[in-house]
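Results of the structural survey
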Amino acid sequence: MQDNERLFSKINVVTYLTYTFNSFKVAKFCSNYLNYELVDIHNLDLTKSINNIILVFPIHSEDAPNIIKEVVSKINSKRMIIIATFGRINHGNTIYRLKHRFNLPLVGASYFPTKHSYLKEDKFIPRYEVLIPLLNKINSDKYIDIPNEKSTLGYNIFPKLRARLGIKIIKKDKCNNCNICGDNCFNKAINKGIINKNCIRCLRCISLCPSNNLDYKMNKVLRLYLRKQRKNKPVIYL
Ligand SMILES: Cc1cc2nc3c(=O)[nH]c(=O)nc-3n(C[C@H](O)[C@H](O)[C@H](O)COP(=O)(O)O)c2cc1C
Ligand code: SF4
Ligand code: SF4
């Protein structure tokens, strides 16, 4: 390849947002299968010209997290596949809304069921291989639409407040102030185990505390809500 060709050549990439690592595992599977570079969305270089992109992220309160909306508004790729992971309660209309708001060049998409971030006892094992027909579409020039589905009534009513009221994060006695929690929180919402008002209850800090010194409690309403019947089947749009 000549130098100027290399300069203008477009990249193919799998990018992901993850808090409790379910979406990371999906993204890793996609990157291994397609042999595409795997990039945390916080490190995605938007100045590079992108050919194909696979975007993997978790659904929070039946919607895409804000950083996903910010980044997709700036991505200028030829083709895109979205894989939105969810805890098998409700995926709402997340992908439809993103596609229509940002006019995304979708050649495929999936609502992909995973273990729920809030359920320690959830032993669900995702079947990554069902994503293969979707990933095989990445070079297709047939763009797709997504059906406009219903969200749960009230999905957009103060989702942050609902999460805050539903989950209490507890620092345990043996915290050694290493601040790994603070260094890894995307929202600058915790310092040495003490959370502040920016916390979105994603539970990343709990997954990353090396000495298991953070825990959480759910209130009754959330616990009951999370008992809802599970949607275990992936939804795939080709
Ligand atoms: C704040 C928050 C809100 C969530 N909202 C939903 C939801 O509306 N529906 C659902 O089925 N799962 C929901 N989940 C579960 C996650 O979507 C699911 O566990 C996802 O795979 C987490 O991905 P991650 O491990 O990559 O962060 C929520 C999780 C969190 C932390
Ligand atoms: S990562 Fe755990 S041990 Fe370290 S400061 Fe945070 S809560 Fe304490
Ligand atoms: S402090 Fe809140 S926002 Fe930050 S990682 Fe922990 S749960 Fe997530």
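Preceding this section is the structure that the text describes.
Worth saying up front: this structure is predicted, and the values here are computed from it rather than measured. (Residues numbered from 1 in each chain as written. Chains lettered and ligands numbered in written order. Predicted model: local features only at pLDDT ≥ 70, side-chain atom pairs only at ≥ 80, totals over all residues.)

Things to note about the site of ligand 1
Close to ligand 1 lie 26 residues, the nearest being Thr-20, Asn-22, Ser-23, Pro-58 and Gly-87. The set of elements that each furnish at least two residues to the shell around ligand 1 consists of α2 (22–34) and β4 (77–86). A per-element tally of the shell around ligand 1 places α2 first, with 3 residues. Residue classes in the shell around ligand 1 are distributed as 11 nonpolar, 12 polar and 3 charged. Residue-level mapping places the shell around ligand 1 at the junction of two domains, with at least three residues from each of domain 1 (12–151 + 229–237) and domain 2 (159–225). (Near = placed C-beta within 6 Å. Helix = DSSP H or I, 4+ residues; strand = E, 2+ residues; numbered from the N terminus. Nonpolar A, V, L, I, M, F, W, Y, C, P; charged D, E, K, R; others polar. Domains from an automatic or database assignment.)

Observations regarding helix α4 (residues 94–102)
Side chains of residues three or four places apart in an α-helix project in the same direction, reflecting 3.6 residues per turn. Taken together, the buried positions of α4 are Thr-94, Ile-95, Leu-98 and Lys-99. End-on view of α4: buried residues confined to an arc of 125°, all on one side of the axis. Check the buried side of α4 and you find it contacts α3 (66–72), β4 and β5 (106–113). Positive phi appears at Asn-103, one or two residues downstream of α4, with a value of about 50°. (Buried ≥ 20, exposed ≤ 12 C-beta atoms within 10 Å, placed from the backbone. Arc of directions from axis to C-beta. Contact = placed C-beta atoms within 7 Å.)

Here we look at the site of ligand 3
Neighbouring residues of ligand 3: Cys-185, Asn-187, Ala-189, Ile-190, Ile-195, Cys-199, Ile-200, Arg-201, Cys-202, Leu-203, Arg-204 and Cys-205. Residue composition of the shell around ligand 3, by class: 9 nonpolar, 1 polar and 2 charged.

A closer look at the sheet that holds strand β1 (residues 11–16)
Strand order across the open sheet formed by 6 strands is β2-β1-β3-β4-β5-β10, with mixed pairing between neighbours. Strand pairing shows two members of the sheet lacking a second neighbour, β2 (37–40) and β10 (235–237), which therefore form its edges. For this sheet, the mean inter-axis angle between neighbouring strands, taken without regard to orientation, is 15°. Pairing analysis gives 3 bridges linking β5 to β10, with the strands arranged antiparallel. By the bridge assignment, Tyr-111 is partnered in β10 with Val-235. On top of the sheet, α2 reaches β1, β2, β3 (50–58), β4 and β5; it is set at about 155° to β3, its chief contact. Its contacts with the sheet place α4 against β4 and β5, and it is angled at close to 155° to β4. (Pairing = 2+ DSSP bridges. Axes fitted to C-alpha atoms, helices over the stretch in contact; angles between N-to-C directions.)

Some remarks on unusual backbone geometry
The backbone phi angle of Arg-88 is positive, close to 70°, even though this residue is not glycine. A residue is classified by how many C-beta atoms lie within 10 Å of it, and Arg-88, with 22 of them, is buried. Located in the positive-phi region is Asn-103, a residue other than glycine, with phi close to 50°. Of the residues examined, Asn-103 has 10 C-beta atoms within 10 Å and is grouped as exposed.

Observations regarding the nonpolar core
Counting residues in hydrophobic clusters, the biggest one holds 37 residues, and the most contacted among them are Ile-54, Val-56, Ile-81, Ile-82, Ile-83 and Ala-84. At the level of secondary structure, the elements contributing two or more residues to this core comprise β1, α2, β3, α3, β4, α4 and β5. Among the elements that make up this core, the one with the highest residue count is β4 (6 residues). Those residues in contact with Val-56, other than ones at most four positions away along the chain, are Val-14, Tyr-16, Ser-23, Val-26, Ala-27, Cys-30, Ile-83 and Thr-85. Residues Cys-181, Ala-189, Ile-190 and Cys-205 belong to the second largest nonpolar core, which totals 10 residues. (Core = buried A, V, L, I, M, F, W, Y, C linked by C-beta atoms within 7 Å.)

Observations concerning the environment of Lys-197
Position of Lys-197 among the secondary structure elements: in the loop between β8 (194–195) and α8 (204–208). Residue classification places Lys-197 among the exposed positions, given that 8 C-beta atoms sit within 10 Å. Remark: the alpha-carbon pair of Lys-197 and Arg-164, spanning 33 residues in sequence, is separated by 8.8 Å.

A short note on α2
Relative to the 18 Å expected for 13 residues at 1.5 Å per residue, α2 spans 19 Å between its end C-alpha atoms, a close match to the ideal helical length. Among all positions in α2, only Asn-22, Ser-23, Val-26, Ala-27, Cys-30 and Ser-31 are buried. Looking at the buried positions of α2, the neighbouring elements they touch are β1, β2, β3, β4, β5 and α5 (132–135). Phi for Asn-35, located one or two positions after α2, is positive at around 60°. (Expected span 1.5 Å × (residues − 1).)

Here's the deal with the pairing of β3
With respect to burial, β3 is a largely interior element, 7 of its 9 residues being buried. Examined bridge by bridge, β1 and β3 share 5 bridges and lie parallel to one another. What sits directly across from Val-13, in β3, is Ile-53. Regarding topology, α3 serves as the crossover connection from β3 to the parallel β4, and that connection is right-handed. (Right-handed = clockwise from strand over helix to strand, strands pointing away.)

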